[in-house]
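Each chain, letter by letter, is given below.
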Amino acid sequence: MEATPHTHSLDRIAALRTAFERGVLRDPAVRAKHLLRLAGALHRHEDAVLEAMRADMGKPVMEAYIAEVGVLGEELRNAAHEVARWAAPRPVPTPLKLQVSSSTVHPCPLGVVLVVAPWNYPLLLVLGPLAAALAAGNCAVLKPSEDAPRTAMLVERLVREAGLQELVHVVQGAGREVLPPLLDAVRFDHVFFTGSAAVGARIAAQCAPKLVPVTLELGGKSPAIVDRSAHLPGAVRRIAWSKFFNAGQTCVSADHVLVHADRYDAFLQAFRAEVERMFGADPQRSPHLARIVNDRRWQVLRGHLDHGTVHLGGGHDRSARYIAPTVLTDVPLDSPPMREEIFGPLLPVLPWRDRDELAALTARNPEPLSAYLFARDAGLERWFTQELPFGGGCINDTMVHFGNAHLPFGGVGRSGLGRYHGRAGFDRFSNLKGVMHSNDRLDPGVRYAPYRPWQLKVLRRLFR
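Quantities reported herein were computed from a predicted structural model and do not represent experimental measurements.

(A) Highlighting the overall build of the protein chain. Counting its secondary structure elements, the protein chain contains 16 helices and 18 strands. Since a compact globule built from 464 residues should have a radius of gyration of about 23 Å, the 25 Å found for the protein chain is in line with a globular shape. The principal-axis extents of the C-alpha atoms in the protein chain amount to approximately 80 × 55 × 45 Å. By residue count, 52% of the 464 residues in the protein chain fall in the buried class.

In structure tokens, the structure reads:
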């Protein structure tokens, strides 16, 4: 029998539509109030949120606070503070040929939107997009990940504690069972998905017949490039932090490292020392290393260990879903660790000798979500920022661009579609309606028939 959405969910979504049409979020001040209520609920239940993520995937409290609670609280408060300015009409110039008129962009909400979140950051990646959706004046349906079940239930609790039941509905359950029938039954005004490219493609295909716009926050093999001019200790520390934060289960973590051949041996030696400094001689005993989310992902990562040479780490324990912080060398370029997004604590390290070889290596996995360059070479920085296609990134750091609400975040090409964070997120969930207001008394008349030669002469001058 074909699955159908639960009647309760369809009734609740219909109620969201009614609430939106009544204009419950028309006033930006009301939107700000709701955003602050959600920030307050998050603050009150901070300990419960941290414990839920610890239980779901062994996420260290420090990592959960930095990347989820802290960033999300800041996002909510920033949106509440800025929403009146973002929502105000935006005057834009009007060309001479269209005078006498004024032109304005009016941000208008879309309606009822769907946010589908992954398991790796199960709070931030569902409530972060919600912050943008609410700021823009939309009601929302949230689908948290079933692979982080305790956090998913806390998402529902936070929505309830913030008094958002009239504006937000949380749908629980397995995504493969819940989403296809829900997308069949409901025409959302926008679908925001974070996750794998394969699932994102299926969601986009299902939305296409109804002309539902989508934002796809996907992933890819994000490289960290280390030039011979790099400050090596800083590069090693920041790449190690990126790769082993959340046990590498981060879409913007350094997937692999491309190190200039002159610094290759020194990099490997320094990296070994840094991993021991971070996690001790036996990382499995460290409280600072998260675990792999489930057995299926653990088996994929265990299979990657069979490709190349294990230079560092390689330990694993299936019963504990543990994979040691690992460095792989001599990894074949056509092997799974160099073709698939790793999404775990395994780091292939490859040497490069000149710019052409570096360009060829990056071209094998084009259009990553993020990229990182460690260098003190202005020419290489220009190549990195202007010629290398990627969604966003850092020079001499990793991952921290995600935490800046003033930077738009998203992928390019196969790593995603659309940007959010801060005003970019507000605009993503808005209809930016362009309106021209013309003087109803002054009318030059040059555009009207019957057309005469002088009219064409005037128009040619105006369009130049």
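(B) Local environment of the sheet that holds strand β4 (residues 139-143). Spatially, 6 strands are ordered β5-β4-β3-β6-β7-β17 in an open sheet, and the strand pairing comes out mixed. At either margin of the open sheet sits one strand with a lone partner, and together these are β5 (168-170) and β17 (416-417). Relative to β4, strand β3 (residues 112-116) is paired through 5 bridges, and the arrangement is parallel. Considered in β4, the bridge of valine 112 is made with cysteine 139.

(C) The sheet that holds strand β2 (residues 101-109), seen in detail. Judged by pairing direction, the sheet is antiparallel, and its 3 strands sit side by side in the order β1-β2-β18 without closing on themselves. One side of each edge strand has no neighbouring strand; the edge strands of this open sheet are β1 (90-92) and β18 (430-438). Between one strand axis and the next, the sheet turns by 30° as a mean value, whatever way the strands run.

(D) Inspection of the side chain of lysine 243 at higher detail. In this structure, lysine 243 sits in helix α9 (residues 232-244). An unpaired buried charge is present at lysine 243: no salt bridge exists, and aspartate 255, the closest side chain of opposite charge, is 5.0 Å distant. Here leucine 346 takes part through its backbone oxygen, which lies 3.1 Å from a polar atom of the side chain of lysine 243. Ignoring any residue separated from it by four or fewer positions in sequence, one finds lysine 243 in contact with Gly248, Ser253, Ala254, Asp255, Ile342, Gly344, Pro345, Leu346 and Leu347.

(E) Focus on the nonpolar core. Judged by nonpolar contacts, the single largest core of 114 residues is most densely connected at Leu142, Phe188, Ile239, Phe267 and Phe271. Apart from the residues within four sequence positions on either side, phenylalanine 188 is in contact with Ile13, Val112, Val113, Leu114, Val141, Leu182, Leu183 and Val212. With 17 residues, the next largest nonpolar core counts Trp352, Ala371, Leu380 and Trp383 among its residues.

(F) Focus on the pairing of strand β7 (residues 214-217). Burial of β7 is two-sided: the residues Val214 and Leu216 facing one way and the residues Thr215 and Glu217 facing the other way are all buried. Direction of pairing for strand β6 (residues 190-194) relative to β7: parallel, over a ladder of 4 bridges. Note on β7: the bridge partner recorded for phenylalanine 192 is threonine 215. Of the crossover connections in this fold, the one passing from β6 over helix α8 (residues 197-207) to the parallel β7 is right-handed. Across 2 bridges, the pairing between β7 and β17 is antiparallel. By the bridge assignment for β17, glutamate 217 is matched with glycine 416.

(G) Structural view of the packing of α9 against helix α10 (residues 264-279). Interaxial distance between α9 and α10 falls to 9 Å at its minimum, and their mutual angle equals 55°. As far as their axial angle goes, α10 and α9 are oblique. Note on packing geometry: the crossing formed by α9 with α10 is right-handed. Only Ala266, Phe267, Ala270, Phe271, Glu274, Val275, Arg277, Met278 and Phe279 of α10 make contact with α9, whose side of the interface consists of Leu232, Val236, Arg237, Ile239, Ala240, Trp241 and Phe244.

(H) Spotlight on the packing of aromatic side chains. Inspection of every chain in the model, using the stated rule, returns 11 aromatic pairs. Geometrically, the ring pair formed by phenylalanine 402 and phenylalanine 409 is edge-to-face, given 4.7 Å between the ring centres and 75° between the ring planes. By the burial criterion, phenylalanine 402 is buried, and phenylalanine 409 matches it. Clustering of aromatic rings is evident, with ring pairs tying together Phe192, Phe402, Phe409, Tyr420 and Phe429.

(I) Geometry of the layout of surface pockets. One number sums up the size of the largest pocket: a volume of about 1300 Å³. As for the largest pocket, its lining consists of 48 residues, of which Phe193, Gly195, Ser196, Ala197 and Val199 are closest to the centre. At the level of secondary structure, the elements contributing two or more residues to the lining of the largest pocket comprise α7 (175-185), β6, α8 and α11 (295-304). Of the residues that constitute the lining of the largest pocket, the class distribution is 21 nonpolar, 13 polar and 14 charged.

(J) Molecular detail of helix α13 (residues 355-363). Those residues of α13 that fall on the buried side of the exposure criterion are Leu358, Leu361 and Thr362. Projected down its long axis, α13 shows its buried positions confined to an angular sector of 95°, all on one face. Facing away from the buried surface of α13 by more than 90 degrees, the exposed residues are Asp356 and Ala363. Lining the buried residues of α13 we find β8 (223-226), β9 (256-260), β14 (346-352) and α14 (378-386). Residue aspartate 354 occupies the N-cap position of α13, its side-chain oxygen lying 3.2 Å from the main-chain nitrogen of aspartate 356.

Rules used in this analysis
Residues numbered from 1 in each chain as written. Predicted model: local features only at pLDDT ≥ 70, side-chain atom pairs only at ≥ 80, totals over all residues. Heavy atoms only, no water. Helix = DSSP H or I, 4+ residues; strand = E, 2+ residues; numbered from the N terminus. Rg over C-alpha atoms; globule rule 2.2 N^0.38 Å. Buried < 20%, exposed > 50% of the residue type's maximum accessible area, 1.4 Å probe, protein only. Pairing = 2+ DSSP bridges. Axes fitted to C-alpha atoms, helices over the stretch in contact; angles between N-to-C directions. Lys, Arg positive; Asp, Glu negative; His and termini not counted. Salt bridge = Lys/Arg side-chain N within 4 Å of Asp/Glu carboxyl O. Polar contact = N/O pair within 3.5 Å; in protein donor to acceptor, adjacent residues only side chain to side chain. Contact = heavy atoms within 4.5 Å. Core = buried A, V, L, I, M, F, W, Y, C linked by side-chain atoms within 4.5 Å. Right-handed = clockwise from strand over helix to strand, strands pointing away. Parallel < 35°, antiparallel > 145°, perpendicular 65-115°, else oblique. Left-handed = near helix turned anticlockwise from the far one by under 90°. Phe/Tyr/Trp six-rings, centres within 6.5 Å; stacked < 30°, edge-to-face > 60°. 1 Å grid on protein atoms, 1.4 Å probe; cavity = no way out; pocket = protein on both sides within 12 Å on 5 of 7 lines; lining within 4 Å. Points joined across faces, edges and corners; volume = space filled by probe spheres on them. Nonpolar A, V, L, I, M, F, W, Y, C, P; charged D, E, K, R; others polar. Arc of directions from axis to C-beta.

Interpretation note: all reported values are geometric properties and have no functional meaning in isolation.
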